[in-house]
Amino acid sequence: MSSTINLFSPIQMGSQALQNRMVMAPMTRLRAVGSIPTPLMAEYYAQRASAGLIITECTMISPLSNGYINCPGIYSPEQVTAWQQVTDAVHAKGGKIFLQLWHSGRVGHPFLLDGELPVAPSAIAATGTLHTPRGKVTLETPRALETDEISQIIEQFRQGAKNAMNAGFDGVELHGAFGYLIDQFLQDGSNQRTDKYGGSIENRARFLLEVVEAVCQVWESDRVGIKLSPSNTFYGMQDSQPQATFSYVIKKLNLFQLAYIHLMEPNEQDLATRDVLNPVISTFRPLYQGLIITNGGYNKSQGNQILVTNEADLVSFGKLFIANPDLPERFAIDAELNSPNPATFYGMKDQNLENGYTDYPSLKAS
Ligand SMILES: Cc1cc2nc3c(=O)[nH]c(=O)nc-3n(C[C@H](O)[C@H](O)[C@H](O)COP(=O)(O)O)c2cc1C
């Protein structure tokens, strides 16, 4: 039976039937002017509605969770109303869409945060730079959260989840990957706390699991997913025992019966930086009983291959969905693919925001 499964096979994700196993990976595009979603964003996501599931770009749960200019939020009534036009547009075309809930933690800067220092589990700076309204800056040492502030951030995730429901999303994905706040708590390179949120693996995983629990009090758990990146080295992320740390978390996540876990493979930069877990999927597949979305550098044949071997249940595509709004239709007939242009991945000041966003041709239009 399993040999007949491919990217085009429908799949039941909890209570939701997905039309195929091609997921659009979450991608920041920085076109939410003033952090409010726009009609252009509704058009962009609706163009990609033939994906089995769309996961939105990472979305701020509070003004202080911001790492980027013109990143959308989900904490104000204006933002909730504006997201509704996105979910309506995707649903009108028969698509399904989850919102990615995000806190950037130490990947922030006072220039983006009204003069406030970014917060993190510990006062340890991420490596790298950020674009701010006052130019490119090196990441600074963040302020370590007090223990009693942590529950407030969990509350913001809960409220963000509620707001996403009010905006008409089909579910939410927690951004637990790529060196942002949830990941910063999990890995000991960024978490040197001595309270119940630091030290042992159990303590470092506590924040992640408490956020999952809070969000699952808002949504049925089969409408909640989480993205993890055990081999990501970006922003100076590291853990002294990644296999043990992520094994603990993934085993614990079984208890929630989530929609899915979304696991990122290392990219070339990660592989060049140090000896990371590779492949991620075969390391963790045996530990998890629910659906797994695998991600990172897949093309059609590699995607089909991983489904046939039953190592994953769905495959997410990032850059290919940027350049090919109708990626499933193109895969179906082995049509030529448009190439993504990295120069327009992120919206810039004084740039035509449609450029490299909604103007990639689909087969029907060309
Ligand atoms: C422009 C761009 C923005 C991204 N923004 C996010 C994001 O907001 N949240 C996230 O979890 N991953 C983000 N990613 C990572 C993608 O979701 C995906 O993991 C990565 O592109 C690898 O998949 P691919 O090789 O199919 O592109 C981003 C990637 C790109 C190219």
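Here, every reference points to the structure presented above.
Residues numbered from 1 in each chain as written. Predicted model: local features only at pLDDT ≥ 70, side-chain atom pairs only at ≥ 80, totals over all residues.

1. So, the overall build of the chain
Secondary structure summary: the chain contains eleven helices and 14 strands in total. In terms of its C-alpha atoms, the chain occupies a principal-axis envelope of roughly 55 × 50 × 40 Å. Within the chain, the fraction of its 366 residues that count as buried is 50%. Counted over contacts in the chain with a minimum sequence separation of 6, partners at least 24 positions apart contribute 73%. (Helix = DSSP H or I, 4+ residues; strand = E, 2+ residues; numbered from the N terminus. Buried ≥ 20, exposed ≤ 12 C-beta atoms within 10 Å, placed from the backbone. Contact = placed C-beta atoms within 7 Å.)

2. What to know about the sheet that holds strand β14 (residues 314-317)
Two orientations exist for strands paired in a sheet by backbone hydrogen bonds: parallel and antiparallel. Strand order in the closed barrel formed by eight strands is β3-β4-β5-β10-β11-β12-β13-β14, with parallel pairing between adjacent strands. The mean angle between the axes of side-by-side strands here comes to 25°, regardless of whether they run parallel or antiparallel. Both strand β5 (residues 97-102) and strand β10 (residues 171-175) contribute to a ladder of four bridges, which runs parallel. Within the sheet, the bridge partner assigned to L99 lies in β10 and is V172. (Pairing = 2+ DSSP bridges. Axes fitted to C-alpha atoms, helices over the stretch in contact; angles between N-to-C directions.)

3. Quick look at the site of the ligand
The full set close to the ligand counts 21 residues, and A25, T28, C58, G318 and K319 are the nearest of them. When residues of the shell around the ligand are traced back to their parent elements, those giving at least two are β4 (53-60) and α10 (319-323). Among the residues making up the shell around the ligand, the classes are represented as eleven nonpolar, seven polar and three charged. (Near = placed C-beta within 6 Å. Nonpolar A, V, L, I, M, F, W, Y, C, P; charged D, E, K, R; others polar.)

4. Concerning the pairing of strand β8 (residues 135-138)
By the bridge criterion, four bridges tie strand β7 (residues 129-132) to β8 in an arrangement that is antiparallel. For T129, the partnering residue across the bridge sits in β8 and is T138. The turn linking β7 back onto β8 is made up of two residues.

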